[in-house]
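A look at the structure
The residues making up each chain are set out below.
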Amino acid sequence: MRDLTIDQFSEELFSKSPVPGGGGVAAFTGSLAVSLGAMATNLTVGKKKYEEYNDELEEILVRADRLRKHLLDLIDEDAKVYNEVSRAYKISPRDDSEIEKALERAAQPPLMMMRDIIEVINMLDGLSEKTSRLLISDIGVGATLAGAALNSAYLNVLANTRLMKDRDKAEATEKVAGELSVYTKTADEIYKKVLIFFKG
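Residues numbered from 1 in each chain as written. Predicted model: local features only at pLDDT ≥ 70, side-chain atom pairs only at ≥ 80, totals over all residues. Heavy atoms only, no water.

With that out of the way, let us pick up the pattern of salt bridges. Within the structure shown, the criterion is met by 13 salt bridges. We note a salt bridge from Lys130 to Glu56, for which the minimum N-O separation is 2.7 Å. Linking Lys130 in the loop between helix H5 (108–127) and helix H6 (136–161) with Glu56 in helix H3 (residues 54–91), this pair joins segments that are 74 residues apart in sequence. Of the residues examined, Lys130 reaches a relative accessible area of 18% and is grouped as buried. The partner of Arg167 in a salt bridge is Glu174, with the nearest N and O atoms 3.5 Å apart. Several salt bridges share partner residues, and in doing so they unite Arg63, Arg66 and Glu119 into one network. (Salt bridge = Lys/Arg side-chain N within 4 Å of Asp/Glu carboxyl O. Helix = DSSP H or I, 4+ residues; strand = E, 2+ residues; numbered from the N terminus. Buried < 20%, exposed > 50% of the residue type's maximum accessible area, 1.4 Å probe, protein only.)

This part is about the environment of Val19. Checked against the element boundaries, Val19 lands in the loop between helix H1 (6–14) and helix H2 (22–42). The class of Val19 is buried, set by a relative accessible area of 10%. Look past the residues within four positions of Val19 in its chain and what remains in contact with it is Met1, Glu12, Ala79, Tyr82 and Asn83. (Contact = heavy atoms within 4.5 Å.)

Turning next to the packing of aromatic side chains. By convention here, two paired aromatic rings are described through the distance between centres and the angle between planes. With the rule as written, the count across this model stands at 2 aromatic pairs. Taking 5.3 Å as the distance between ring centres and 40° as the angle between the ring planes, the aromatic pair formed by Phe9 and Phe28 counts as tilted. Pair noted here: Phe9 is in helix H1 and Phe28 is in helix H2, with a separation of 19 residues, a long-range link. Residue Phe28 is classed as partly exposed on the basis of its relative accessible area of 25%. Arranged with centres 5.4 Å apart and planes meeting at 75°, the rings of Phe197 and Phe198 form a pair that is edge-to-face. Owing to a relative accessible area of 53%, Phe198 belongs among the exposed residues under this scheme. Looking at Arg133, its charged tip hangs above the ring of Phe197, at a distance of 5.7 Å from the centre. (Phe/Tyr/Trp six-rings, centres within 6.5 Å; stacked < 30°, edge-to-face > 60°. Lys NZ or Arg CZ within 6 Å of the ring centre and 35° of its normal.)

This part covers unusual backbone geometry. Working note: non-glycine residues mostly have negative phi, and peptide bonds are mostly trans. Following Val19, the chain continues into Pro20 via a peptide bond in cis, with omega recorded as 0°. Considering the arrangement of structural elements, one finds Pro20 in the loop between H1 and H2.

Okay, the layout of surface pockets next. Empty pockets left among the atoms are what a rolling probe the size of a water molecule brings to light. The volume enclosed by the largest pocket comes to roughly 290 Å³. In terms of residue count, H3 provides more of the lining of the largest pocket than any other element does, 6 residues in total. (1 Å grid on protein atoms, 1.4 Å probe; cavity = no way out; pocket = protein on both sides within 12 Å on 5 of 7 lines; lining within 4 Å. Points joined across faces, edges and corners; volume = space filled by probe spheres on them.)

Here Ser31 is to be found in helix H2. A relative accessible area of 3% means that Ser31 is categorised as buried. Those residues in contact with Ser31 that lie beyond four places of it in its chain are Arg68, Leu71 and Leu72.

Keep in mind that these numbers describe shape and distance, not what the molecule does.
Following this line, the structure appears as structure tokens:
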């Protein structure tokens, strides 16, 4: 999926094909959020006014590239595990154990997305004070996208855990995801901070 053009990805999403779906879109949105932060960082590095942050900004760019690539990888991983669940239901409709294993695996990519996106949100939070004021709107857009991506990934965790028969495992996964989901508040705070900058 990650090798599709934007137009091809959009066409696939538009079609009857179940993948890419919400999970792939969550990962893609997260990759856009981190890319916006990286763009603002790249355009700030070397500016005299922000030279005290240069080393830190260079490190952020390395982290951002790792996150961007991993989130794009998760588009394919999410599609793969969705197909495993679909296959388990078709091949072994009465075999709860195979379906259960597939659902457990399917909950993992969106959970990984959530962890990556939290890193993105924290990165954007720091960048809101360390990048050129001319680029502050991009930080705000990145934070908005990251918040949406986090909420979207959370829904995709729940979409799998709700079907699991092992409620202890399901609830343990839901608890972890629920704790991660609260970081949408940080994304909202970054957006509000940027809004205040423009409105005064």
